[in-house]
Amino acid sequence: MRKTLIAIATATAALALTGTAVSAKEKETGEEKLAKLLEGREAGEPQSCIPTWRNSNLTVIDGTALVYKAGKTYYVNRTAHPESLDWTDVLVIDRFSGTQLCRLDQVKTIDRGSGFFTGVVFLEDFIPYTKVEDKAES
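Residues numbered from 1 in each chain as written. Predicted model: local features only at pLDDT ≥ 70, side-chain atom pairs only at ≥ 80, totals over all residues. Heavy atoms only, no water.

Re a nonpolar patch on the surface
1) Next: On the surface, a nonpolar cluster with roughly 320 Å² of combined accessible area is contributed by F117, V120 and F122.
2) Next: As for its position among the elements, F117 is in strand 9 (residues 117-121). (Patch = residues over 30% accessible without salt bridge, like charges linked within 9 Å, V, L, I, M, F, W, Y side chains within 5 Å. Areas by Shrake-Rupley, 256 points an atom, 1.4 Å probe, with all protein chains shown as cover. Salt bridge = Lys/Arg side-chain N within 4 Å of Asp/Glu carboxyl O. Helix = DSSP H or I, 4+ residues; strand = E, 2+ residues; numbered from the N terminus.)

Here it is, written out as structure tokens:
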């Protein structure tokens, strides 16, 4: 009987440790995702408008930023309240400047599942990030 209790206690302890190890490895944060995306890139001068001709290059990084890819450049917009950004929302953009996306454009969010309005995104300046070229290649 004593051996059975020790085996049960050992198994319970092993399960508890496994559970701790799994919870210790938490989901990657938005800041971590953005850092990986921008690795090897250098920030440029902030811009109030960026050229956009394809919305398919716009990515939402939960709770962090909107990222628009144009060629080799990533434009990052941290928005006024980045904590409200969620990939499950659909962005509806009312542009006032044709093919450009500007900080004054209106961006609404719609729940992907229900279709209900969920909020408004207030854009800030766009920060361009371009790859740092290796000086030896030049």
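Observations regarding the side chain of R41
1) Next: Within the element layout of this structure, R41 appears in strand 1 (residues 41-43).
2) Next: Summary of buried charges: R41 has no salt-bridge partner, and the nearest side chain of opposite charge, E133, is 8.1 Å away.
3) Next: Of the polar contacts made by the side chain of R41, one reaches the backbone oxygen of K72; its length is 2.7 Å.
4) Next: Every residue in contact with R41, bar those within four places of it in the chain, is listed here: K72, T73, Y74, Y129, T130, K131 and V132. (Buried < 20%, exposed > 50% of the residue type's maximum accessible area, 1.4 Å probe, protein only. Lys, Arg positive; Asp, Glu negative; His and termini not counted. Polar contact = N/O pair within 3.5 Å; in protein donor to acceptor, adjacent residues only side chain to side chain. Contact = heavy atoms within 4.5 Å.)

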